[in-house]
Amino acid sequence: MVEAKLKRFSRFLYADPRALTLLTLPAVVLFSVFVVFPIISGLNISFTNWNGYSQSYSYVGIQNYKDLLFNDSVWTAFRNTLVYGLGSTAVQTVLGLGLAMLLVDKFFLRGVTRTIVYIPAMVAQLVIGYIWYFIVTYERGALNDIINLFGVSPIDWMSKGNRAVLIIMLINSIAYCGKTMIIFIAGLESVPNMYHEAASIDGASGWQAFRHITIPLLLPAFTTSLVLNIIGGLKMFGLVIAMTDGGPGYATHSLSSLINTMYFANQRAGFSSAIGIFSFIFIMLVSILLRRYLEYKDQQYNG
Amino acid sequence: MANAKNNLKARHNWIKNIVAVVTSVFFFAPFYIILSLSFKVRGDRSSHWIFPSSPHIQSYVVALTKGNIGTAIINTLIVTVFSVVLIILFGSIASYPLARHRSKLNKFILSAFVGVMMVPPLSVLVPIYRLMVSLGGINTFWGIIILSTTYGLPMSVFMFSNFICTIPKELDEAALLDGCSQFAIFPRIILPNMMPVVSSVVILTGVSIWNDYSFQLYILQKPKLRTITLAMSSFFSEGMTNLPAAAAAAVMAVLPVVVLYLFLQKYFIKGTVDSAVK
Amino acid sequence: MKKTIVLAAILSLFMVFSVFATGQKEAEASSLDGLHGTLSVATNCEDPTFSAVNEIANRFMEENPGVEVEYVSYTKDYENLMKAKMAANDLPDVFATHGWGVKRYSEYLMPLNELSFAKRFTESILNVIKTPAGNIVTMPVTAELSGIIYNKDILKKAGWDHVPRTWDEFLQSCEDVKALGVVPIYIAGKDTRSQANLMDVAAPTFLTTYKNDDQSQALYDGTFDWDKWSRVAGFLKTLSDRGFLNVDANTADPIYRGEKLAYGETMYVFQNQAQIASAWDINPDANLSMMPVPVYHEEDTPIMIGGERESYGIWKDTKNKELAVAFLEFMSRPENIKYVCEATSMPTGFSDVDVDLRLSSDFKQYENLRTFPYFDREWLPSGMWATMRSTGGALTAGEITVKQACDLMAESYHSLLSQQQ
């Protein structure tokens, strides 16, 4: 009896593909303990008026979620998050694709240039923020020094909320476009040369070849960079903190930095957790769309 | 004919080199500013564009002694290396079934992982902190390594499973027919092909762990355990009066990742081809 | 390849556990006879305060060779870190209370009434470090006696022979200074603490210091009419609208503040004495001083802002109580208090310590003035500081109106008050 069970078990291990799922165990355990559990406890906090540090608090039902709907700063942060995510995607796609086209084929300065473009992508957001602060700052700012040469009087670049959001988005795009560039270089390298040769034999112009051959074949690269940039936008924290600390007012906060500020500085842990859950739901929606894409891709390979 | 084509190509390369120089200057400018700042003396109010006529290395000495950048680099190396090894290990074995057997359960696990990739870790920081206190993980390397591993895993699962999808399934089936156990397929068939994608994962997760701030701040509170971002950020705090030393600390924090990139650069693009664009 | 990975995994597990093991060992350090062990002390201060207190810690370790004091400053991350640590009830043995000993940390602090130094505090300091139940919860090493930093030379040049007594006079002086081409008030608003600090210093005179118009009770019991906050918010807005702030008031980093004071490029700065000290670091000749806070009601008299500055309490659940007490007792010795105060140019809260500061003579003439705490520390619930910062920043940036600022303050006030019940 026991033997038969053992035998069945070893058959299961040996041949049943379901057994392979056991390989995910270490990852799943870590994931449950350090991600799922904290999220559930965050959900619990979101129904309280906890200040984030006291040993006592009371439950306030869905009050925090109601507040969230009418809170301007939450919606500003949500909009900013989209600007940071989608705006960076747009700028980086143009910039990254251009750089990739320039740096895909071999020439003398290719290696050096690639490295220089990629280096900022490896630097912490906080540091990037501090460095760029010295460029866009009013007093002795490097950018103002330059426009001064053309006789323009200095500008206090980050003083207006919307302009500051755009500048942060641009800095994020420029600093991290190395990542997009690498993805596109990889994409271009995987476009078989024969397509281009066939096109040039057919007499297609450079632009036509680019429009009808390169772009469609680069679609997977576009999608990957979209995914990575949206994640980057959602996680945007260090850059905002270093450049403006979310100000003026709440004008430049991303969801991430707003959650942090609400939790610790404003001492509204319950409300902050509600924003966290709200962004989590939003993220899940994005991730469902992403899963659709993965399934679609899967069918392309296996179907 | 061939000659003309070569001429054209040469001229093309000429233009390309010029554009490359302009691009490099543009992208290097911020680093030039921080470099020149790091060689200035305190209280130098000259333009950020002007390199000091007599560069001072005093700031680097201050950063090394007062900021303990040396110890910080070793601490960060310990955290990064162990986390990355665990991420590669757990991530690769988990990706294999997730990519190969699209059962409902596996699909669920995969999409949950990809979802987590996007959760801003800050939103769950305090629950994590309380958990870590009860596990005794505060001020220990294993505490920070476990957290960095967990939050680095989704990215590696995402890339590894994308990559495994590109390896023909027929290879697995052939191996099974040869009497290979299904657990042996991964090390025998899949693993040998993975070097480039591993290097991509090493760079992406390694760099993000190297640059992490929030987890390290909360878990590693003792000065002896300070990591590079913590050490550096203490120079950039509000009462910051020693700007050149802060700049010097930033330069030293960036150098190791640049070296890592230069070493892995060759595989990196190949790895990106395999995992991200097919 | 497989072997390498397995090897790496085993190695890493081994390392992780060995690290764990050493961590355990360290925690086992116990007290034998005499003082032994490791004491963790945390603060948010920066130089010169940090170095000065660090020197005291070194002296303490010299006297007690078995003791190791781990003294660390988390500067700008301190408050967030401490909140997480309070939530987990896992605090440093001794920690800085930065003005919040009573309102925020008292739940976690050990009463110090029985310790030898408890009798030595001045009356005004005692008021701010005692809980309503009468427990002294923290020991101020340095105290604060602040008003507004100003440059004597520029004031004279602008034609003034006395410091402004009312806010109307203050605005007039700004006008005169501006005519000289000097920035009247410097705000380093990238860190919105600058704007919040201005309101924090000014607010008492608008709302609580005048006996015929004292809003204290209403602020304590939650009946305060927040439209009255427009006096304070409107004042900040006026300064901004009339061009009395630096052009980059919303984006300047605090690093520039010391320079501006040192080189006489600004007239007023709303900061404490430490800022003067750091300006003198750059230029010892800068003729800087501190003036009392002007008044809103003509019949009122100017005030000084006082309270604790660098101040330490003991975690009530610490396992090193003996050590922690010994450390505070050591720090309270007159020579040590004097050392820290003079190194940081801050006054003291101890009645029996004589501190010799460059500004001492100037402070002499303010001796008889009334001293009030910072507005938020006394009249607002803990957590309002963040709202003062964000509304202050938004006001100077022109992102919100004075009315909106009042509404935001009211919302945050009521939500924080409800947490306390």
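Residues numbered from 1 in each chain as written. Chains lettered and ligands numbered in written order. Predicted model: local features only at pLDDT ≥ 70, side-chain atom pairs only at ≥ 80, totals over all residues. Heavy atoms only, no water.

Moving on to the sheet that holds strand β2 (residues 67-73) of chain C. Residues and elements named next belong to chain C. Read from one edge of the open sheet, five strands run β2-β1-β3-β11-β4, paired in mixed fashion. Each edge of the open sheet carries a strand with a single partner, namely β2 and β4 (139-140). Across two bridges, strand β1 (residues 37-43) lies against strand β3 (residues 94-96) in parallel orientation. What sits directly across from Val41, in β3, is Val94. Taken strand by strand, helix α12 (residues 321-331) contacts β1, β2, β3, β4 and β11 (311-314), and its axis lies near 60° from that of β1. (Pairing = 2+ DSSP bridges. Helix = DSSP H or I, 4+ residues; strand = E, 2+ residues; numbered from the N terminus. Contact = heavy atoms within 4.5 Å. Axes fitted to C-alpha atoms, helices over the stretch in contact; angles between N-to-C directions.)

On to the interface of chain A and chain B. A common way to express how large an interface is: the accessible area buried when the components associate. Counting residues at the interface gives 94 residues for chain A, matched by 94 residues for chain B. Both sides of the chain A and chain B interface together cover about 8,600 Å² of buried area, and 77% of this is carbon and sulfur. Here chain A and chain B share zero salt bridges between them. For the pair chain A and chain B, the interface holds six residue pairs in polar contact (both at pLDDT 80 or more). Within the side of chain A that touches chain B, the residues separate by chemical class into 66 nonpolar, 14 polar and 14 charged. (Buried area = accessible area lost by both parts, 1.4 Å probe. Salt bridge = Lys/Arg side-chain N within 4 Å of Asp/Glu carboxyl O. Polar contact = N/O pair within 3.5 Å; in protein donor to acceptor, adjacent residues only side chain to side chain. Nonpolar A, V, L, I, M, F, W, Y, C, P; charged D, E, K, R; others polar.)

The next thing to look at is the sheet that holds strand β8 (residues 266-269) of chain C. All names here are of chain C. Pairing is mixed in the open sheet, where four strands are placed in the order β7-β8-β6-β9. Edge strands, defined here as strands with exactly one partner in the open sheet, are β7 (183-185) and β9 (288-291). Across the sheet, the mean angle from the axis of one strand to that of its neighbour is 20°, orientation sign disregarded. Here four bridges tie strand β6 (residues 148-151) to β9, and the two strands are oriented antiparallel to one another. Bridge pairing links Asn151 to Leu288 in β9. Packing of helix α11 (residues 273-282) onto the sheet brings it into contact with β6, β8 and β9, and relative to β9 it is tilted by some 170°.

Of note in the backbone geometry, Asn139(B) takes a positive phi value of approximately 60° without being a glycine. Inspection of the secondary structure puts Asn139(B) in the loop between α5 (125-135) and α6 (141-165). Of note in the backbone geometry, Asn89(C) takes a positive phi value of approximately 45° without being a glycine. Mapped onto the secondary structure, Asn89(C) falls in the loop between α3 (78-87) and β3. Here Asn89(C) falls in the partly exposed class, since its relative accessible area comes to 31%. (Buried < 20%, exposed > 50% of the residue type's maximum accessible area, 1.4 Å probe, protein only.)

This prediction gives chain B a mean pLDDT of 82; 92% of its residues lie at or above 70. Between the elements of chain B, mean pLDDT differs from a low of 76, seen in helix α8 (residues 182-190) of chain B, to a high of 90, seen in helix α3 (residues 69-100) of chain B. (pLDDT = per-residue confidence, 0-100.)

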